[in-house]
Amino acid sequence: MNHALRRALANAKMTETQLAEACGVDVKTISRWIANPTRIPHARHRWAACEALGEEETALWPTAVSSALKTGPDREIVQVFPYRSAAPSSLWRSLITKAQKELTFAGYTNYFLWLEQANLAGALRRKAQAGCRIRFLIGDRDSPVTVAREAEEGVPLTLSTRIAVTISELERLRLVGNIEGRFETGHVNLSVFRFDDEMIVTPILARRVGHDSPMLHLRRNQTDGMFDRFADHVEELWGRGRNIWEATEHGQA
């Protein structure tokens with residue numbers, strides 16, 4: 001029996017029928033998942049179940065992840081999602097919760113985080129007060145890079161508006177130690193989010209917004225591997241960035 005899945009259902013106060021509806025499968029399929037611990041659901045069904053139950057895939061079906069692990073240079077790749085929106089929001093929350101030393105949000109707007117993560121400000125405040133360093137690297141609203149990308153996306157909720165939301169949210173955390181923010185534009189087509197030794201990377205596709213772009217979940221396993229290279233990229237941009245609060249005080253943002 002898949003005891004982890006059974007416990008997750010109980011903790012979420014969900015019935016097998018409700019989980020079946022959330023995953024788009026027959027209730028008998030859910031029963032088979034529970035009865036047979038070696039039965040691995042299709043990836044899209046696993047992600048839907050994790051989202052509905054607020055659990056990580058590694059907790060419910062550990063062999064699904066371990067069987068996909070590599071032994072070569074790509075062994076740092078934990079999971080791949082064709083769309084960022086396909087990843088369960090519980091994955092993000094779990095990564096934020098587990099991080100102890102460093103949280104870096106190098107998305108061009110980081111707007112979606114405030115929408116999808118309940119009381120994110122409270123979680124960040126607690127992390128910072130516990131000694132975790134938290135950094136936000138966001139785009140400059142007035143940059144020609146931002147203007148050009150806005151024209152390419154062509155969506156009503158513009159980049160500059162989404163950036164303004166993040167600035168407003170960060171302003172409420174301004175006096176909390178260990179929380180920093182800088183403007184940079186070198187990551188307009190690549191978002192990198194670091195949680196200690198785990199990372200989410202989203203290459204932004206042409207004419208696509210972030211949630212429509214592919215997503216990689218990485219875990220550091222070697223020196224100068226994929227994780228380190230993306231981390232170095234962020235550090236380079238961070239070193240070139242302008243302090244958010246100094247810039248806004250001088251009316252430059």
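Look above for the structure.
Remember, it's a predicted structure, so these values are computed and weren't measured experimentally.

*Asks:* Please explain the sheet that holds strand E1 (residues 77-81) as it appears in this structure.
*Replies:* Either a parallel or an antiparallel arrangement is found when strands of a sheet pair, and the pairing is made through backbone hydrogen bonds. A sheet is described by the order of its strands in space; here eight strands give the open sequence E1-E7-E6-E5-E2-E3-E4-E8, paired in mixed fashion. Bordering the open sheet on either side are E1 and strand E8 (242-243), each of which pairs with just one other strand. Alignment of E1 against strand E7 (residues 215-219), held across four bridges, turns out to be antiparallel. Across the sheet, Val 80 pairs through a bridge with Leu 216, a residue of E7. Running at roughly 130° to strand E3 (residues 133-138), helix H9 (residues 120-129) makes contact with strand E2 (102-106), E3 and strand E4 (179-183) of the sheet.

*Asks:* Help me understand the pairing of strand E6 (residues 198-203) in this model?
*Replies:* Within a regular strand, side chains alternate between the sheet's two faces. Buried residues dominate E6, accounting for five of its six residues. The antiparallel hairpin formed by strand E5 (residues 190-195) and E6 contains two residues in its connecting segment, where Asp 196 sits at a positive phi of about 55°. Sheet topology places E6 next to E7; four bridges connect them, and they run antiparallel. Within E7, the position partnered with Ile 200 by the bridge is His 217.

*Asks:* I would appreciate a short explanation of the pattern of salt bridges in the present structure.
*Replies:* Oppositely charged side chains may form a pair once their charged atoms are brought near each other. On inspection of all chains with the given rule, the structure shows 18 salt bridges. Residue Glu 198 is joined to Lys 98 by a salt bridge in which the shortest nitrogen-to-oxygen separation is 3.4 Å. Pair noted here: Glu 198 is in strand E6 and Lys 98 is in helix H7 (residues 89-98), with a separation of 100 residues, a long-range link. Residue Glu 198 is classed as buried on the basis of its relative accessible area of 12%.

What counts, and at which threshold
Residues numbered from 1 in each chain as written. Predicted model: local features only at pLDDT ≥ 70, side-chain atom pairs only at ≥ 80, totals over all residues. Heavy atoms only, no water. Pairing = 2+ DSSP bridges. Helix = DSSP H or I, 4+ residues; strand = E, 2+ residues; numbered from the N terminus. Contact = heavy atoms within 4.5 Å. Axes fitted to C-alpha atoms, helices over the stretch in contact; angles between N-to-C directions. Buried < 20%, exposed > 50% of the residue type's maximum accessible area, 1.4 Å probe, protein only. Salt bridge = Lys/Arg side-chain N within 4 Å of Asp/Glu carboxyl O.

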